[in-house]
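Structural overview
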Amino acid sequence: MELINFRPLENSGASVTGYLHTPIWEMEVRREQFPGVVVCPGGGYQMVSEREAEPIALRFFAAGYNVFILTYSVKENAKNFQPLRELSETFCAIRNHKEWRVDPSRIAVCGFSAGGHLAGSLGTLWNNEEFLKTYDNQGGQNRPDAMILSYPVITADEFAHVESIETVSGCKAGTPGYEWFSLDRHVNPDICPAFLWHTVEDDCVPIENSLQFLLALQREKIPYEAHLFPTGWHGMSACTEETGSLDSYNARWLDFSIEWLNKVFRYRL
């Protein structure tokens, strides 16, 4: 394994930690490129959760992916599309650094809660005209090839996680600027396949966030897979003892998501 660190934008405090596979030269058959996953932990756009960072990254790494954890801007620094620019630049950097050995046509984004909103924002807004007024996406170099959304913040209606949407929008609930960040409104034919999971009992980010996004995906005929678990609280991460959320039943989401991503990317170790 090779560890790298870089800043996606020079004028922000965001940082990226990368976990890269090193090709093993002992065998005649060897893999010189790997698919990638960019992880966006949650935290209500107030902080970046450690529980949804390395424990997730290492699972995807073990499945043969080069993985990158984005520590993005939060609180007052989260408005004006700042986290989305940071995530976009992370994708552009990965595609432009061939020495990181990532297949540029197979890079997914994986987000949790507010990080799920960020991941879903890149999936839906990567070429949005309003976003592109503030950012050059290098001809679509920022587009994810798949997105994995874990109990994501999506809506700006009665089911919204108000603090997250107010923070990232910089606007008060009920205003047009606030409502613009309801991602289900931006689903369009240009977005990538999606994997979602949520718990029915989530009383922090209601399951309607995922349901409304799924309805929008269905309307636009975007391929997706979804798992709605009957029990469990918000922020379960990997559903392990390490993450303080041991639940072997719900923990299957990680295996499901990896198998789904393998299928979407036509990838096998």
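Thresholds, definitions, all that
- Residues numbered from 1 in each chain as written.
- Predicted model: local features only at pLDDT ≥ 70, side-chain atom pairs only at ≥ 80, totals over all residues.
- Heavy atoms only, no water.
- Helix = DSSP H or I, 4+ residues; strand = E, 2+ residues; numbered from the N terminus.
- Buried < 20%, exposed > 50% of the residue type's maximum accessible area, 1.4 Å probe, protein only.
- Polar contact = N/O pair within 3.5 Å; in protein donor to acceptor, adjacent residues only side chain to side chain.
- Disulfide = S-S within 2.5 Å.
- Pairing = 2+ DSSP bridges.
- Contact = heavy atoms within 4.5 Å.
- Axes fitted to C-alpha atoms, helices over the stretch in contact; angles between N-to-C directions.
- Salt bridge = Lys/Arg side-chain N within 4 Å of Asp/Glu carboxyl O.
- Parallel < 35°, antiparallel > 145°, perpendicular 65-115°, else oblique.
- Nonpolar A, V, L, I, M, F, W, Y, C, P; charged D, E, K, R; others polar.

This brings us to the side chain of T124. Along the chain, T124 turns up in helix 3 (residues 114-125). Residue T124 is classed as buried on the basis of its relative accessible area of 2%. Looking at T124, its side chain comes within polar contact range of the main-chain oxygen of G120, at 2.8 Å.

What the rule picks out here adds up to zero disulfides. Residue C110 stays outside any disulfide, its sulfur separated by 8.1 Å from that of C40, the closest cysteine. On the accessibility criterion, C110 (0% relative accessible area) is buried. We note that C204 lacks a disulfide partner, and the nearest cysteine sulfur, in C239, lies 15 Å from it. Classification of C204 by relative accessible area gives partly exposed; the value is 33%.

What follows covers the pairing of strand 8 (residues 224-229). With six bridges joining them, strand 7 (residues 194-199) and strand 8 adopt parallel strand pairing. Bridge assignment links A194 to a residue of strand 8, and that residue is Y224.

Along helix 5 (residues 162-169), the residues classified as buried are S164, I165, T167, V168 and S169. In the core, the buried residues of helix 5 are packed alongside helix 3 and helix 6 (176-179). Once helix 5 ends, the next one or two residues include G170, with phi positive near 75°.

The mixed open sheet is built from eight strands, whose spatial order is 1-2-4-3-5-6-7-8. Pairing within the sheet leaves two strands with one partner each, and these edge strands are strand 1 (2-6) and strand 8. Each strand of the sheet is rotated relative to its neighbour by a mean of 15°, with strand direction disregarded. Of the pairings in the sheet, the one linking strand 3 (residues 34-40) to strand 5 (residues 102-112) comprises six bridges and is parallel in character. When the bridges of strand 5 are listed, V39 appears paired with C110. Its contacts with the sheet put helix 3 on strand 3, strand 4 (66-71), strand 5 and strand 6 (146-150), and the angle it makes with strand 5 is roughly 140°.

Two side chains bearing opposite charge may form a pair once their charged atoms approach each other closely. This model, assessed by the stated rule, comprises seven salt bridges. A salt bridge links D145 to R95; the shortest N-O distance between them is 2.9 Å. Of this pair, D145 sits in the loop between helix 4 (129-132) and strand 6 while R95 sits in helix 2 (residues 82-96), and the two are 50 residues apart along the sequence.

What follows concerns the packing of helix 2 against helix 3. Closest axis-to-axis distance for the helix 2/helix 3 pair is 10 Å, and the angle between their directions is 70°. The angle between helix 2 and helix 3 falls in the class roughly perpendicular. Together, P83, L84, L87, S88 and F91 of helix 2 and L118, A119, S121, L122 and L125 of helix 3 make up the contact between the two elements. Partitioned by chemical class, the residues of the contact of helix 2 with helix 3 number eight nonpolar, two polar and no charged.

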